[in-house]
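The chain contents come next:
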Amino acid sequence: AVLTRLADSRETIRSILQRINPASIDQRASLIAELLLLVGLRQLRVIMERAIEQMSVLIDINRHTIFGPIHREGVKEGIEKGQQKGASDLVLRLLARRFGELPPSTVRRIRTMNADELDTLTARLFEVTSLKDLFA
């Protein structure tokens, strides 16, 4: 129906979504993905997105075969970046407390370090007497 000339695209999409809604979560995700592909061919994606917003159609993105892995990878990457930022913030606070105000170049250098580099730096923090020695 979506690929034909529609008298009322909104009503057609709404009707299809209503027929999809009672399906199981897995079936629903698959059917909505197929419908998204079809509405994309007819430039009706915005209409479908609005129809989905108005209905109680639920999709578990993590179980979706295409978007699930992408979503999980994005979440994992976000968590890693958050942990790295937290670690670099902690190292910067420890260094500032030990050596006073840090030069901007030191702050930039620490912010770009990966987790292993930050671990090494943290271990060395208690063995050195100056910032210069820390990076030697």
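These figures come from a predicted structure and were not determined experimentally.

**Q** Looking at this model, I keep getting lost on the overall build of the protein. Mind explaining?
**A** Each helix and strand counted, the protein has seven helices and zero strands in total. The order of helices and strands in the protein, counted from the N terminus, is α-α-α-α-α-α-α. Residue burial in the protein is summarised as follows: out of 136 residues, 27% are buried. For the protein, the proportion of contacts with a sequence separation of at least 24, taken over those separated by at least 6, is 58%.

**Q** Please clarify how a nonpolar patch on the surface should be interpreted in this entry.
**A** A cluster of nonpolar side chains, Ile 61, Ile 66, Phe 67 and Ile 70, forms an exposed patch at the surface whose accessible area comes to about 380 Å². Position of Ile 66 among the secondary structure elements: in the loop between helix H3 (45-54) and helix H4 (67-99). Note on Ile 66: relative accessible area 51%, which makes it exposed.

**Q** I keep staring at the nonpolar core and nothing clicks. Help me out?
**A** Taken as a class, soluble globular proteins show a tendency for nonpolar side chains to be buried jointly. With twelve residues, the main nonpolar core is built from Val 91, Leu 92, Leu 95, Leu 102, Ile 110, Met 113, Leu 118, Leu 121, Leu 125, Val 128, Leu 131 and Leu 134. Contributions of two or more residues to this core are made by H4, helix H6 (115-125) and helix H7 (131-134). What Val 128 contacts, discounting residues up to four positions off in sequence, is Arg 98, Phe 99, Asp 133 and Leu 134. Grouped together as the second largest cluster of nonpolar side chains are eleven residues, Ile 13, Ile 20, Val 39 and Ala 51 included.

**Q** What is the right way to read the packing of H4 against helix H5 (residues 104-111) from this model?
**A** A packed helix pair is summarised by two numbers, namely the angle formed by the two axes and the spacing between the axes. Remark: H4 packs on H5, axes separated minimally by 9 Å, with the N-to-C direction vectors making an angle of 150°. By the angle between their axes, H4 is roughly antiparallel relative to H5. As H4 runs across H5, the sense of the crossing is right-handed. On H5, the residues touching Lys 85, Ser 88, Asp 89, Val 91, Leu 92 and Leu 95 of H4 are Val 107, Ile 110 and Arg 111. Broken down by class, the residue content of the contact of H4 with H5 amounts to five nonpolar, one polar and three charged.

**Q** Could you clarify how one ought to interpret the pattern of salt bridges in this entry?
**A** Going through the model one piece at a time under the given rule, you end up with three salt bridges. Of the charged contacts, one joins Glu 77 and Lys 81 as a salt bridge, the two residues approaching to 3.3 Å between their closest N and O atoms. Placement of the pair is Glu 77 and Lys 81 together in helix H4, with a separation of four residues, close to one helical turn. Judged by its relative accessible area of 37%, Glu 77 is partly exposed. Lys 81 gets classed as exposed once you look at its relative accessible area, which sits at 54%. The closest approach of N and O atoms between Asp 89 and Lys 85, which form a salt bridge, is 2.9 Å. Of this pair, Asp 89 and Lys 85 both sit in helix H4, four residues apart, which is roughly one turn of that helix. Among the charged side chains, a network of salt bridges with common partners joins Lys 85, Asp 89 and Arg 111.

The rules behind these values
- Residues numbered from 1 in each chain as written.
- Predicted model: local features only at pLDDT ≥ 70, side-chain atom pairs only at ≥ 80, totals over all residues.
- Heavy atoms only, no water.
- Helix = DSSP H or I, 4+ residues; strand = E, 2+ residues; numbered from the N terminus.
- Buried < 20%, exposed > 50% of the residue type's maximum accessible area, 1.4 Å probe, protein only.
- Contact = heavy atoms within 4.5 Å.
- Patch = residues over 30% accessible without salt bridge, like charges linked within 9 Å, V, L, I, M, F, W, Y side chains within 5 Å.
- Areas by Shrake-Rupley, 256 points an atom, 1.4 Å probe, with all protein chains shown as cover.
- Salt bridge = Lys/Arg side-chain N within 4 Å of Asp/Glu carboxyl O.
- Core = buried A, V, L, I, M, F, W, Y, C linked by side-chain atoms within 4.5 Å.
- Axes fitted to C-alpha atoms, helices over the stretch in contact; angles between N-to-C directions.
- Parallel < 35°, antiparallel > 145°, perpendicular 65-115°, else oblique.
- Left-handed = near helix turned anticlockwise from the far one by under 90°.
- Nonpolar A, V, L, I, M, F, W, Y, C, P; charged D, E, K, R; others polar.

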